[in-house]
Every structure is written in structure tokens, then in C-alpha cells.
2 protein chains.
Amino acid sequence: MRFGNRLMQQAEDLSQFSQSEIGLTRTYLTAQHRQAGDYLLALMREAGMQADYDALGNVVGHYAGTDPDAPAIISGSHMDSVVNAGKYDGLFGVLSAIACVRDLHERGIKLAFPLEVVAFCDEEGVRFNVTMIGSAALSGHFDPAWLTRMDAEGISMSEALLAFGGDPAAWGPLRREVKRVACFIESHIEQGPVLLNEGYAVGVVTAIAGCTRVKISLAGLAGHAGTVPMPGRRDALAAAAEMTLAVERVGLERADRVVATVGKFEVAEGGAVNVIAGAVSFTIDLRSGDDAARHEALQTLRAALAEIAQRRGVTLDWQQFYALDAAPRDAGLQMQLAQAITHCGLEVRHLPSGAGHDAMQFAAATPTAMLFVRCGNGGISHNPLETMTADDAETATRVLLHFIEHFTLN
Amino acid sequence: MRFGNRLMQQAEDLSQFSQSEIGLTRTYLTAQHRQAGDYLLALMREAGMQADYDALGNVVGHYAGTDPDAPAIISGSHMDSVVNAGKYDGLFGVLSAIACVRDLHERGIKLAFPLEVVAFCDEEGVRFNVTMIGSAALSGHFDPAWLTRMDAEGISMSEALLAFGGDPAAWGPLRREVKRVACFIESHIEQGPVLLNEGYAVGVVTAIAGCTRVKISLAGLAGHAGTVPMPGRRDALAAAAEMTLAVERVGLERADRVVATVGKFEVAEGGAVNVIAGAVSFTIDLRSGDDAARHEALQTLRAALAEIAQRRGVTLDWQQFYALDAAPRDAGLQMQLAQAITHCGLEVRHLPSGAGHDAMQFAAATPTAMLFVRCGNGGISHNPLETMTADDAETATRVLLHFIEHFTLN
């Protein structure tokens, strides 16, 4: 095995750099960010790259090409984690890209294009509640207002950056000139069960799903659980329960192209065992790789919820607080990635990504592709139970290497 | 009007003795307990009673009868409140009983039976999380372990009693000898909409509903809201939503004799907009005046929830944490109360009480009856929007007076 076992060991090593005693938690600009960054820097340098932190704490490695005027291939993913995370989410995309460069370097191969490997500093957004900070900076979407955001302890991003040795004022020059980038390619664990269930080691991402999020607030009539007869109750909790099932049904009826989830669900003031709930709020997360399907599902849902609210005599406040269209991947790059998979002797499976990824940030101006790697354990991610096999890590890295080595500008 | 307007004014006066600036909150052994107690003592004495605080802070008035050996009629209700309460819950039962004595006294009438009016110190249980403290003491159900209970500030009931001028050691003698009590009669606002919806000013309580409370804990499989396809999800929140509707349905299908409510509903760790919930817990409150109906409903519900859990691949933990059988009212007393209503020119409506009341404490050993008074505003109670009309206060007090004046031992 050229890559698999070593990558497994590296992921294991990196999982030690955790803020939590048990499980993996590594957030932006912490001592653990530094430990993981130093580890990755050493790997990059050993792989023949010039590497360092940038002003925001991204770890960036350069492997020069033969043509000084050629635009770069950028590959990488994120090095931060959610709370109590898995070992492969994000990290695998960094490690597999470094492994590719190391292999090229050991074989004494220089490509025409320079190669840039990036470990993005913060994709998950745990500390400052802003996601994809690192990739936003490189792709030109960084918002300097983020620098004044506070973490839970009241430390601003700007203060934390200075303490880390970064430079909050220097975010501007991090932006890569569009004409200096040939493509962005990210390998990432699927974080879902599609490849696992269908028996594929890797897959080509067709689009990153668009997403609409809505907060629903219901006001019914609070009452005594013992004294108010059942007929005529205006129970906000029962109404919210019926709506939750309507959200699920809208997803199930469009299961080939939509997912719909109620994730938060709160009774006002916590509720009480002997009180009919007067107010309940919950969230809806609706995604699809197909924007038209998402809009249709949302309209159907809105009508269904309005009907339930009216029938049950509760008022409904519909607040859409987030919407992002799907980011389709570049067709030409998808084809090159599919060819790399075929070259490795595998069948090609195309699939959308339900989750957001750093690649989204680059998609607007740069040809962008994503390679998904099979996620074990039923597809569990954002959880210590997330698994990837050494065999799949091997396969994915071979595919990525072939893609990089045979990349051509469309 | 003999009683109504004065009672409205007294309820208004008493609502000023509140711990909260806005709304009424009056809990056990506070300065407001003292203020309200002093007000009631003055009313009792003015009405011709000997009156004082007892060792636990109950306010007790005595109106002697003509027969020194006759057992007493006890009437009253509670003087404490929930947080942000209405003005009539509990208090009305005290004020209407005092008004009856005052009327007898003004007319120079002594009954054969002595009359005892009690304003119970704590029925709601807000401060020490024990309900019906005062009526438990008089009826022989006081548990001295309660004295060591702490309030939210770490003050024990015992300490608070001493500071109030009470005597924690003297709870024992408060118990009324069963043979010295002829009956217990409580008038109380209905706290529900039955009398209001059907156009009755008052009603005879047939039974205080029995109640079973269950905590349900569900464990499904957490997952990413964007990456886990809809079919095959083991979403604990969607399962809990379906179960909530099953609870409601069990109530609706038995609406003439059962109420069923999900009041608390919590996603583990608060949930997140983009996470399929892995664990959810909720409570069920099931009541009926008919114990057999309650047990049947509970069994039906348990089977329905088990089926939902199994179908959805979530594990279900069913934890019954409270069960109390119905307390049927004394048939003879119900008849005497119905006669009093008829005497006042009204039709008699019998109805169960869904809520618990001080009267429950006496029901085991003493003939006990309850008179419900119409609750305005859709039946809202435990809320500043609770209302009662002067006309209904008048009617209820006339009924209570007739009952007391014509009471006969069965």
C-alpha cells in the first residue's frame, strides 16, 4: 500500500491534538490549531514543499511547477473540527493532497502547474460562528466584519489572531488572483451512507446542495393540562409535532433529490409536564442539489404548515434565515476526475454533496471539483464513530494523484 | 349584590401582595405571605371569627357552633400562588368561605356545627417543590422530611418557618382528628372552560382526576441533516413528533373522560439546525376522573408508542414517575351541594376536576366536596388573564352559604 496505512497513522496522530480529553475537538486559533498546524507544516516540508502559516492561520504549502507563468492547482480541506468530531472530516483532504505531492517529489516529478496544498484554518465555524473562514479568504469572500466577532469567552477573532501570531489586517492579500488559479480540487469523506450502501470507494461530486433554513415560531394558547378539554385546545407543541412530520414527509416524497430536517425544537421556557404549551419554535433545514426542487419543496411545505396552523388555531411565524443556492461542479473537471477513477479500475458514481465544503467558496470563479471518499459505520460523521478504511484512503489518494498529474486546462 | 362586588374588591386588594412587580406571585413564608395572611386575619375577625396563624403559616379562623360536641365543617382553599398567577385561584375559596361566616354572623346565626375557615399556606409548591403542604398537615399527610427541603436560595423550609415566626416542630398537632371533622368543602375557580362553554356559573365536582405521568426518552441515530438520505433515517425528533400526536389522539378519542398532554419536549443538547436529532425526551400527562379509563388509555398509548419506536428504529425508555388515583367526591355531599345550587335557582352541572386541589388531601378520611366557579377568558388560569365575574362570585357564595347553613351529617 503506497498511501493508505500512512494516512491512517497521520489521522490518528492529528486526533491527539484535541481540546477535549475524550474525542476530538479542535477549533480555530487554539493551542491545538497550532499543534496540528505544526504537524502539517512538517509533513509538507518533508514532502518537498515550502510551507508556512498565512496571516489568518491557514497552513499553506507550495510545490513549484516547471512553468513559472502557469496558474496553480490548489488542493486541500480544513484542519479544524466540530465538537466531538471524527478524525477524517477535513483532515483527510489535507493529508491526501500532501501525500500526492510527496509521491511526486519522491519520484522527482515536477508538473507544469505549481501545486498549492492548503489546510484551511476554520471551516466548521465553531468558535466564532462563521463558517469557511480560511477558504473565504483565499477565494475572495472574507468579510472583515468577522474580525470583531466574539467567541463564547468574549475574545474577538482579531484578538485571538494576534495571540496566535497572525495578522488580522493582512487578510486582503490572501485572496488568490483568479487568473493565477487553474482549479480547486478537494477530497473529503462523504459524511453520509450513499457510497457505503452502494459499494463505491469514491465518488465524483456533481453539486454541493443548496440549502434553505427557516425558523418557525408558533403561538397557541397555554393551559392547564388537567383542566382544558381536548377538543378546542390550541396546543402549540402538538401543532409543531404535526408540522415536524410534514417536514419529514416533504423530504420522503422527494427522497431522490431533497432532504428535509427539523433539528431544533424548543418549548417556550422549557415547558412543564402539566402545562399545554403556548409557544414552540423549531428549525427546518431543506437541501437539494437541484434549486428548483428545493424551491418547490419549500413552497409545498409552507402551504402545509399554514394549513396545520390554521386548522389548529395557532399563529405561525415563518422566518427564513439562510438560503444558499446549489454550487454545481465544473463539468470538465468532473470528467477529468471520472477519468482518474476509471484509470484506477473503478466504476464512476456521481453524487451530490448534502453538506457544505470549502470547495463552495471557490466554485463561483474557479473550476472546482470534489472527490468523495466512502464513510464507514453507516455514514456517521461529526461523531467519534466516523470511520474510513486504509484501502479507501489508498484508492482516493491514487485517484487524486492521477487527477493532479494528468490535469489539463479546459 | 350581597357578596360579589366585595369579593372582587378583596381579590383585587390581595393581588397587591406580590413578589413580582408585574402580575401576582406569592409563595410560601415570604413577606407577601405575611401581608396576605394579615389581610385575611382581619377579614376573619371582622366576620366574627377567632383567627390566627398556625405553626406552619396556615391562617385559620373559628366560628363556634351551638353544639360543643359537634364535628366541624372546614372550608377554605389556598392563599399562595404560582409564578405570574391569576387573582382567584385558591383565594376565592378562602374569601367566599369568610363571606359566608360574615353573613351568618351579621344575621346572628350560629350553626350546630362549628365552622373552620382555612387559608392554606402552600398548595402550589413553588418554593420548596412540595404541593399542598397546608392541607396535608391538617388532614394528616404532612411528611416531616419536607422540613429539610431547600428553596432555590438554599434556605430550608425549617429555617424559613422559624424566620416567619412559625414552629417547624409543631406540625403534628395540626392534624384534625377525623371524628372532629364533619366535612370539607372547597369552592374554587374551575381553571378550565367547561362551565364557561356550557353557560353554567357553578358546578359540582364529581371527582378529582387521577393522573399518570411518564417520561419518554428516545435514542435514534444522530446524523448530518444534509448528507443522510431520508429513507433509513432514525430521527429521534420525528419519532417524538409522531408519538406526541399519538398522545393527543388517545386523548381526543376519549375526550369525554380523558385528557392527555405532552408538555415538555427536549432535544438532547438543544439540537442544531443541521443535525438529525439522536436523542429526544418528552413528558406525558394523562388524567381521568375514571381510573379504569386512565389505565386503558395508558395501555393503548404504550402500545402505540412501542409500535412507532420499532417502526422508526429508535429505542424507547418509558419511565412512569407519578401516578395518583382519582379522588371521588362524597356522593351524599354532592347531593347536598346540588340541592344548594337548585335552591339558588340554577341547573346543576356535574364535572370532574382535572387539576389537583387541597380537597384531595381530606378525601380519604372525610366527606369532601368541591364547588367549581366559572372561569372567564376561555378558561385561562395560572395566568394574569384569569377572570371571574362579580355575578359568579355572588352565585357561588350564595350556594356555598346555603350548603353550609343546611348541611346535615349523612
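Residues numbered from 1 in each chain as written. Chains lettered and ligands numbered in written order. Predicted model: local features only at pLDDT ≥ 70, side-chain atom pairs only at ≥ 80, totals over all residues. Heavy atoms only, no water.

### Considering helix H2 (residues 31–46) of chain A
So, point 1. Here H2(A) spans 23 Å end to end across 16 residues, near enough to the 22 Å set by a 1.5 Å rise per residue.
So, point 2. The secondary structure elements touched by the buried residues of H2(A) are helix H1 (4–15), strand S1 (50–53), strand S2 (59–63), helix H3 (91–106), strand S4 (115–120) and helix H5 (157–164) of chain A. (Helix = DSSP H or I, 4+ residues; strand = E, 2+ residues; numbered from the N terminus. Expected span 1.5 Å × (residues − 1). Contact = heavy atoms within 4.5 Å.)

### Thoughts on the relation of the copies chain A and chain B
So, point 1. Once turned by 180° and shifted 0.3 Å along the axis, chain A lies on chain B with an RMSD of 0.4 Å. Such a combination of rotation and displacement between the chain copies is what one expects of a two-fold axis. Among all C-alpha atoms of chain A, that of Ala241(A) lies closest to the rotation axis, at 2.1 Å.
So, point 2. Interface overlap between copies is the fraction of interface residues in one copy that are interface residues in the other; for chain A against chain B it reaches 100%, indicating a shared surface. (Least-squares fit on C-alpha atoms with pLDDT ≥ 70 in both.)

### Quick notes on the pairing of strand S11 (residues 279–288) of chain A
Residues and elements named next belong to chain A.
So, point 1. For S11, a buried count of nine out of ten residues is recorded, marking the element as mostly surrounded by other parts of the structure.
So, point 2. With seven bridges joining them, strand S9 (residues 259–267) and S11 adopt antiparallel strand pairing. Looking at the pairing, valine 262 lines up with isoleucine 284 of S11. (Buried < 20%, exposed > 50% of the residue type's maximum accessible area, 1.4 Å probe, protein only. Pairing = 2+ DSSP bridges.)

### Details of the pairing of strand S7 (residues 210–219) of chain B
It is a general feature of regular strands that their side chains alternate between the two faces of the sheet.
Residues and elements named next belong to chain B.
So, point 1. Here S7 lies mainly inside the structure; seven of its ten residues are buried.
So, point 2. Where S7 lies against strand S11 (residues 279–288), ten bridges are found, and the strand directions are antiparallel. Note on S11: the bridge partner recorded for glycine 210 is serine 288.
So, point 3. Here S7 runs beside strand S12 (residues 315–324); their pairing, made up of nine bridges, is antiparallel.

### A few points about a nonpolar patch on the surface
So, point 1. Residues Phe321(A), Tyr322(A) and Leu324(A) make up a contiguous nonpolar surface patch of about 270 Å² in total accessible area.
So, point 2. The residue Tyr322(A) is located in strand S12 (residues 315–324) in this model. (Patch = residues over 30% accessible without salt bridge, like charges linked within 9 Å, V, L, I, M, F, W, Y side chains within 5 Å. Areas by Shrake-Rupley, 256 points an atom, 1.4 Å probe, with all protein chains shown as cover. Salt bridge = Lys/Arg side-chain N within 4 Å of Asp/Glu carboxyl O.)

### Points about the interface of chain A and chain B
So, point 1. The partner chain B presents 52 residues to the 52 residues of chain A that form the contact.
So, point 2. For the pair chain A and chain B, the two sides together bury roughly 4,200 Å², of which 66% comes from carbon and sulfur.
So, point 3. In terms of surface lost to chain B, no three residues of chain A exceed Thr227(A), Met230(A) and Val273(A), which account for 16% of the buried area on that side.
So, point 4. On inspection of chain A and its partner chain B, the count reaches two salt bridges.
So, point 5. Applying the counting criterion to the chain A and chain B interface returns six residue pairs in polar contact (both at pLDDT 80 or more).
So, point 6. Those elements that provide at least two residues to the side of chain A that touches chain B are helix H7 (236–252), S9, strand S10 (275–276) and S11 of chain A.
So, point 7. The leading source of residues in the side of chain A that touches chain B is H7(A), at nine residues.
So, point 8. Class assignment for the residues of the side of chain A that touches chain B results in 28 nonpolar, 15 polar and nine charged. (Buried area = accessible area lost by both parts, 1.4 Å probe. Polar contact = N/O pair within 3.5 Å; in protein donor to acceptor, adjacent residues only side chain to side chain. Nonpolar A, V, L, I, M, F, W, Y, C, P; charged D, E, K, R; others polar.)

### Some details on the packing of H3(A) against helix H11 (residues 390–405) of chain A
All names here are of chain A.
So, point 1. Contact pair H3 / H11: the axes reach a minimum separation of 9 Å and the direction vectors enclose 60°. In terms of orientation, H3 lies oblique with respect to H11. As H3 runs across H11, the sense of the crossing is right-handed. The segment H3 lies against H11, with Phe92, Ser96, Ala97, Ala99, Cys100, Asp103 and Leu104 engaging Ala393, Ala396, Thr397, Leu400, Leu401, Ile404 and Glu405. (Axes fitted to C-alpha atoms, helices over the stretch in contact; angles between N-to-C directions. Parallel < 35°, antiparallel > 145°, perpendicular 65-115°, else oblique. Left-handed = near helix turned anticlockwise from the far one by under 90°.)

### Considerations on the domain arrangement of chain A
Residues and elements named next belong to chain A.
So, point 1. Taken domain by domain, chain A holds domain 1 (4–208 + 327–405) and domain 2 (210–324).
So, point 2. For domain 1 versus domain 2, the separation of C-alpha centres amounts to 36 Å.
So, point 3. Across the boundary between the two partners, domain 1 contributes six residues, which contact four residues of domain 2.
So, point 4. For the pair domain 1 and domain 2, the summed buried surface comes to about 290 Å²; carbon and sulfur atoms form 57% of the total.
So, point 5. If you sort the residues of domain 1 by the area they bury against domain 2, Ile208, Gly354 and Met360 come out on top, with a joint share of 70%. (Domains from an automatic or database assignment.)

### Brief notes about the pattern of salt bridges
So, point 1. Evaluated as defined, the whole model comprises 46 salt bridges over all chains.
So, point 2. Put simply, Asp151(B) and Arg127(B) hold a salt bridge, and the shortest N to O gap is 2.9 Å. Pair noted here: Asp151(B) is in the loop between helix H4 (133–139) and helix H5 (157–164) and Arg127(B) is in the loop between strand S4 (115–120) and H4, with a separation of 24 residues, a long-range link. An identical accessibility class is assigned to Asp151(B) and Arg127(B); each is buried.
So, point 3. A salt bridge links Arg312(B) to Glu242(B); the shortest N-O distance between them is 2.7 Å. Of this pair, Arg312(B) sits in helix H8 (residues 291–312) while Glu242(B) sits in helix H7 (residues 236–252), placing them 70 residues apart in sequence. Just as Arg312(B) is buried, Glu242(B) falls in that class too.
So, point 4. When salt bridges with common partners are traced through the structure, they connect Glu242(A), Glu307(A), Arg311(A), Arg312(A) and Glu248(B) into a single cluster.

### Considerations on the packing of helix H1 (residues 4–15) of chain B against helix H11 (residues 390–405) of chain B
Residues and elements named next belong to chain B.
So, point 1. Packing of H1 against H11 leaves a shortest axis separation of 7 Å and a crossing angle of 110°. The orientation of H1 relative to H11 falls into the category roughly perpendicular. In this structure, the crossing between H1 and H11 has a hand that is right-handed. Seen from H1, the contacting residues are Gly4, Asn5, Leu7 and Met8; seen from H11, they are Ala390, Ala393, Glu394 and Thr397.

### Side note on the packing of aromatic side chains
Residue and element names in this part refer to chain A.
So, point 1. Across all of its chains, the model carries 23 aromatic pairs over all chains by this definition.
So, point 2. Geometrically, the ring pair formed by phenylalanine 142 and tryptophan 146 is edge-to-face, given 5.1 Å between the ring centres and 75° between the ring planes. An identical accessibility class is assigned to phenylalanine 142 and tryptophan 146; each is buried.
So, point 3. Between the aromatic rings of phenylalanine 142 and tryptophan 171, the centroid separation amounts to 5.3 Å while the plane-to-plane angle is 35°, which identifies the pairing as tilted. One end of the pair, phenylalanine 142, is in the loop between helix H4 (133–139) and H5; the other, tryptophan 171, is in the loop between H5 and strand S5 (181–189), and 29 residues separate them in sequence.
So, point 4. Residue phenylalanine 142 is classed as buried on the basis of its relative accessible area of 8%. (Phe/Tyr/Trp six-rings, centres within 6.5 Å; stacked < 30°, edge-to-face > 60°.)

### Some points on unusual backbone geometry
All names here are of chain A.
So, point 1. Of note, the phi angle at asparagine 377 is positive, near 55°, even though the residue is not glycine.
So, point 2. Looking at the element boundaries, asparagine 377 is found in the loop between strand S15 (368–373) and H11.
So, point 3. For asparagine 377, a relative accessible area of 43% corresponds to the partly exposed category.
So, point 4. The phi torsion at histidine 382 lies on the positive side, around 55°, for a residue other than glycine.
So, point 5. Of note, histidine 382 is situated in the loop between S15 and H11.

### Description of the nonpolar core
So, point 1. Grouped together as the largest cluster of nonpolar side chains are 101 residues, with contacts concentrated most on Tyr28(B), Leu40(B), Ile98(B) and Phe403(B).
So, point 2. Top element by residues in this core is helix H3 (residues 91–106) of chain B. It accounts for ten residues.
So, point 3. Excluding its chain neighbours within four sequence positions, the residues that come into contact with Ile98(B) are Leu40(B), Leu43(B), Met44(B), Ala47(B), Met49(B) and Val117(B).
So, point 4. Within the second largest apolar cluster, 82 residues are counted, among which are Ala11(A), Ala201(A), Cys375(A) and Ala390(A). (Core = buried A, V, L, I, M, F, W, Y, C linked by side-chain atoms within 4.5 Å.)

### Remarks on the side chain of Glu190(B)
So, point 1. Among the structural elements, Glu190(B) can be located in the loop between strand S5 (181–189) and helix H6 (194–198).
So, point 2. Nearest to the buried, unbridged Glu190(B) among oppositely charged side chains is Arg349(B), at 7.8 Å.
So, point 3. A distance of 2.9 Å separates the side chain of Glu190(B) from the backbone nitrogen of Leu195(B), its partner in a polar contact.
So, point 4. Excluding residues within four positions of it along the chain, Glu190(B) makes contact with Thr227(A), Leu195(B), Leu196(B), Leu351(B), Phe372(B), Val373(B) and Cys375(B). (Lys, Arg positive; Asp, Glu negative; His and termini not counted.)

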